[in-house]
Amino acid sequence: MGTGLGPAVDALLAGIFGLLLGSFLNVVIYRLPKMMERQWAQECAELSGAPPAEPAEKFNLFVPRSRCSGCGHTIRWYENVPVLGYVFLKGKCSACGVPYGLRYPVVEAVTGALFFFCVWRWGWSLTALAWCGFSAALLALALIDWDTTLLPDDITLPLLWAGLIVAALQWNPAVNLPTALWGAIAGYLSLWLVYWAFKLVTGKEGMGYGDFKLFAALGAWFGWPALVPMILMASVIGAVIGIALKFSTGLREGGYVPFGPFLAGAGFTAMIFGPQSILRFVGL
């Protein structure tokens, strides 16, 4: 299956689609946590018996249209072209000149590069499509967790089920269904046990339940043998970055560093280089 124009053209087309999807991922990363907060506020109001506050406007992943946070200027379609729109605007709002974050084009470019890699490696196939979806979901989860310390069930649970379905349909030749199933179980239980051991010893919560679900999803995609290499890499990188942030006073209030981005980093490394490469990276 493919376009018939050669692997390089196939990968390039996938990269262009990834750029477009990366623009949507920016919306997901920004809006999904806010949608969750609105839902929680509404549920709290219902439980307390208070009338829920009426939202000022409809707010979801599709409406309202993207706008400048400084002046409210609605971003035109040609200003929203992935990467090029940012370059055209010189990183600033065309109406008020407020700078846009560099993250927007970076997310678009990274998504495009990941999609390019998946089709370059696996061809124009269902396997490549599955890994493109994995990449998009994992990137969104990493950035949402870094921003908010949240790992939404709306992404982690579909990612987990997708890993099991991909294994069952044999779209992932490296992992069969039993290996994926035990990977999901072991991934969840391992961090769940660490969570409770840490809480019993210190009286504090060292991580959130979203981390359990994300690690279970990684177990479903890579199988149980990959869990040890991935948790080792995530822990080593997390410790290094945490120490660096502490000395640079870059830690957020409470000194908390979310673990999800490091799990995601281990997942991307396993996808690109293979789980065993992680052991070599950490010196084992």
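Anything mentioned here points back to the structure above.
Residues numbered from 1 in each chain as written. Predicted model: local features only at pLDDT ≥ 70, side-chain atom pairs only at ≥ 80, totals over all residues. Heavy atoms only, no water.

Colleague: Can you walk me through the packing of helix H1 (residues 7-48) against helix H4 (residues 126-148) in this structure?
Modeller: A pair of packed helices is characterised by two quantities: the angle between their axes and the separation of those axes. Look at H1 against H4: their axes get within 10 Å of each other, and the N-to-C directions meet at 35 degrees. The two elements H1 and H4 meet at a crossing, and its hand is right-handed. Together, Leu21, Leu25, Val28, Ile29, Leu32 and Pro33 of H1 and Ala136, Leu139, Ala140, Leu143, Ile144, Asp147 and Thr148 of H4 make up the contact between the two elements. Its residues assigned to classes, the contact of H1 with H4 shows 11 nonpolar, one polar and one charged. (Axes fitted to C-alpha atoms, helices over the stretch in contact; angles between N-to-C directions. Helix = DSSP H or I, 4+ residues; strand = E, 2+ residues; numbered from the N terminus. Left-handed = near helix turned anticlockwise from the far one by under 90°. Contact = heavy atoms within 4.5 Å. Nonpolar A, V, L, I, M, F, W, Y, C, P; charged D, E, K, R; others polar.)

Colleague: Where do I start with the nonpolar core in this structure?
Modeller: Most often, soluble globular proteins keep nonpolar side chains buried together rather than apart. Ranked by internal contacts, the top residues of the largest apolar core, which has 63 residues, are Phe134, Leu159, Phe222, Met230 and Met271. Of all the secondary-structure elements, those providing two or more residues to this core are H1, helix H3 (103-122), H4, helix H5 (153-168), helix H6 (177-202), helix H7 (209-222), helix H8 (227-247) and helix H9 (260-273). Of the residues forming this core, the biggest block, 14 residues, is contributed by H4. Here phenylalanine 134 is in contact with Leu159, Leu218, Trp221, Phe222, Gly267 and Met271, once residues within four sequence places are set aside. One finds Ile75, Leu89, Cys93 and Tyr100 within the second-largest nonpolar core, a separate group that totals five residues. (Core = buried A, V, L, I, M, F, W, Y, C linked by side-chain atoms within 4.5 Å. Buried < 20%, exposed > 50% of the residue type's maximum accessible area, 1.4 Å probe, protein only.)

Colleague: What is the right way to look at the pattern of salt bridges in this model?
Modeller: Pairs may arise between side chains of opposite charge once their charged atoms sit close together. Tallied over the entire structure, the rule returns four salt bridges. Put simply, glutamate 79 and arginine 76 hold a salt bridge, and the shortest N to O gap is 3.1 Å. (Salt bridge = Lys/Arg side-chain N within 4 Å of Asp/Glu carboxyl O.)

Colleague: Explanation requested: the side chain of histidine 73 in the structure shown.
Modeller: Inspection of the secondary structure assignment puts histidine 73 in the loop between H1 and helix H2 (84-88). Under the relative-accessibility criterion, histidine 73 is labelled buried at 14%. Here the side chain of histidine 73 touches serine 94 through a polar contact of 3.3 Å, side chain to side chain. When sequence neighbours within four positions are dropped, the list of residues in contact with histidine 73 reads Ser66, Arg67, Cys68, Glu79, Cys93, Ser94 and Ala95. (Polar contact = N/O pair within 3.5 Å; in protein donor to acceptor, adjacent residues only side chain to side chain.)

Colleague: Would you mind showing me how to read the packing of aromatic side chains here?
Modeller: Describing an aromatic ring pair means giving the distance of the ring centres and the angle of the ring planes. Using the criterion set out here, one finds 17 aromatic pairs in the structure. Judged by centre distance (5.0 Å) and plane angle (80 degrees), the ring pair of tryptophan 131 and phenylalanine 134 falls under edge-to-face. Separated by three residues within a single helix, tryptophan 131 and phenylalanine 134 lie in helix H4, roughly one turn from each other. Of the two residues, tryptophan 131 and phenylalanine 134, neither departs from the other in class, the shared state being buried. Seen in terms of ring centroids, phenylalanine 134 and tryptophan 221 are 5.0 Å apart; in terms of plane orientation they differ by 50 degrees. Their pairing is tilted. Highlighted residues: phenylalanine 134 in helix H4 and tryptophan 221 in helix H7, separated in sequence by 87 residues. Classification of phenylalanine 134 by relative accessible area gives buried; the value is 0%. Members of the aromatic cluster, joined through ring pairs, are Phe117, Trp122, Trp131, Phe134, Trp221 and Phe222. (Phe/Tyr/Trp six-rings, centres within 6.5 Å; stacked < 30°, edge-to-face > 60°.)

Colleague: Just to check I follow, could you spell out unusual backbone geometry for this structure?
Modeller: With the exception of glycine, the majority of residues adopt a negative phi angle, and the majority of peptide bonds are in the trans configuration. For the bond running from valine 63 to proline 64, omega is 0 degrees, close enough to zero to count as cis. At valine 83, a residue that is not glycine, the phi angle is positive and equals roughly 65 degrees. When you line up the elements, valine 83 lands in the loop between H1 and H2. Relative accessible area serves as the criterion here: at 25%, valine 83 is assigned to the partly exposed category.

Colleague: Could you clarify how one ought to interpret the environment of valine 9 in this entry?
Modeller: Within the secondary structure layout, valine 9 lies in helix H1. On the basis of relative accessibility, which here comes to 31%, the residue valine 9 falls in the partly exposed class. With 39 residues separating them along the chain, valine 9 and serine 48 place their C-alpha atoms 58 Å apart.

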